[in-house]
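Here are the chains, one letter per residue:
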Amino acid sequence: MAPRGDSVNEEMRQRSRRRIMRATVELVDQHGYAGTTLTDIAERAGLARGLLSYYFDGKRLLMQAATHRLMHQSLSGALAELAPDATPAGRLARAIDAVLTLALDHPRVMRSHLALILDPDTGAFVQDPEQQQLGAILQGLLVDWGAPDPVAEHAVLRSALMGGCIGVLLPGAEIPLAPIRADLFRRYDLPWELGRPPQPLPPERERPRARG
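Residues numbered from 1 in each chain as written. Predicted model: local features only at pLDDT ≥ 70, side-chain atom pairs only at ≥ 80, totals over all residues. Heavy atoms only, no water.

A.B. asks: How would you sum up the environment of Val8? Please name residues and give values.
C.D. replies: Among the structural elements, Val8 can be located in helix 1 (residues 6-31). Residue Val8 is classed as partly exposed on the basis of its relative accessible area, which comes to 39%. For the pair formed by Val8 and Ala42, sequence separation is 34 residues and the distance between their alpha carbons is 22 Å. (Helix = DSSP H or I, 4+ residues; strand = E, 2+ residues; numbered from the N terminus. Buried < 20%, exposed > 50% of the residue type's maximum accessible area, 1.4 Å probe, protein only.)

A.B. asks: Pulling in residues and values, what's your account of the pattern of salt bridges?
C.D. replies: Should the charged atoms of two oppositely charged side chains come close, the side chains can pair. For the coordinates displayed, the defined rule picks out 9 salt bridges. With a shortest N-O distance of 3.1 Å, Glu11 and Arg18 are connected by a salt bridge. Overall, the relative accessible area of 30% leaves Arg18 in the partly exposed class. Of the charged contacts, one joins Arg196 and Glu81 as a salt bridge, the two residues approaching to 2.8 Å between their closest N and O atoms. Highlighted residues: Arg196 in the loop between helix 9 (177-187) and helix 10 (203-206) and Glu81 in the loop between helix 4 (59-80) and helix 5 (88-105), separated in sequence by 115 residues. Both residues of the pair, Arg196 and Glu81, belong to the exposed class. Taken together, the salt bridges that share partners define one network made up of Glu11, Arg15 and Arg18. (Salt bridge = Lys/Arg side-chain N within 4 Å of Asp/Glu carboxyl O.)

In short, geometric facts, not functional conclusions.
Right, dumping it as structure tokens:
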């Protein structure tokens, strides 16, 4: 049997990485970060435990990569649903909704990810390949939207999105999605009806007017 070529080996490596990251998201969704072990992840992915150390330098970095992959896939999928002639504003609106909705759809994963990168002792923001793909999509959307400095604006948008997820997920002090979304949409001058609004009208238009 002829030896496999480099391209085949690389595809197998990438396939194994994707299986590990997918298993991580599934298990953390079910059991939380603390309740998920590397052995659990290896078993769910159908791989030997030692392979996880080959692909990822520890559970924390694996968790970040898996979450970045989840965000990247969710964002790509949301944009693919739009019509080819969707406006730059419509695409940016859909992207914001896609990321914010992850906090509701995958609360354990997003809480774990945010807690890890905010921990001053162990946390650090890692720009792994999945995060770089996510960043490239967001920067491209900002270029089309007309941001004068897409790189700087991407850093602001990324921080605002993570802050919005924290607001939705903060235990005991959760903020509804609508006002968080409204603030972001005002920043980018996006009409409320674009994307996937969580309610028919923006929050400020639903409050009753004071009688004078």
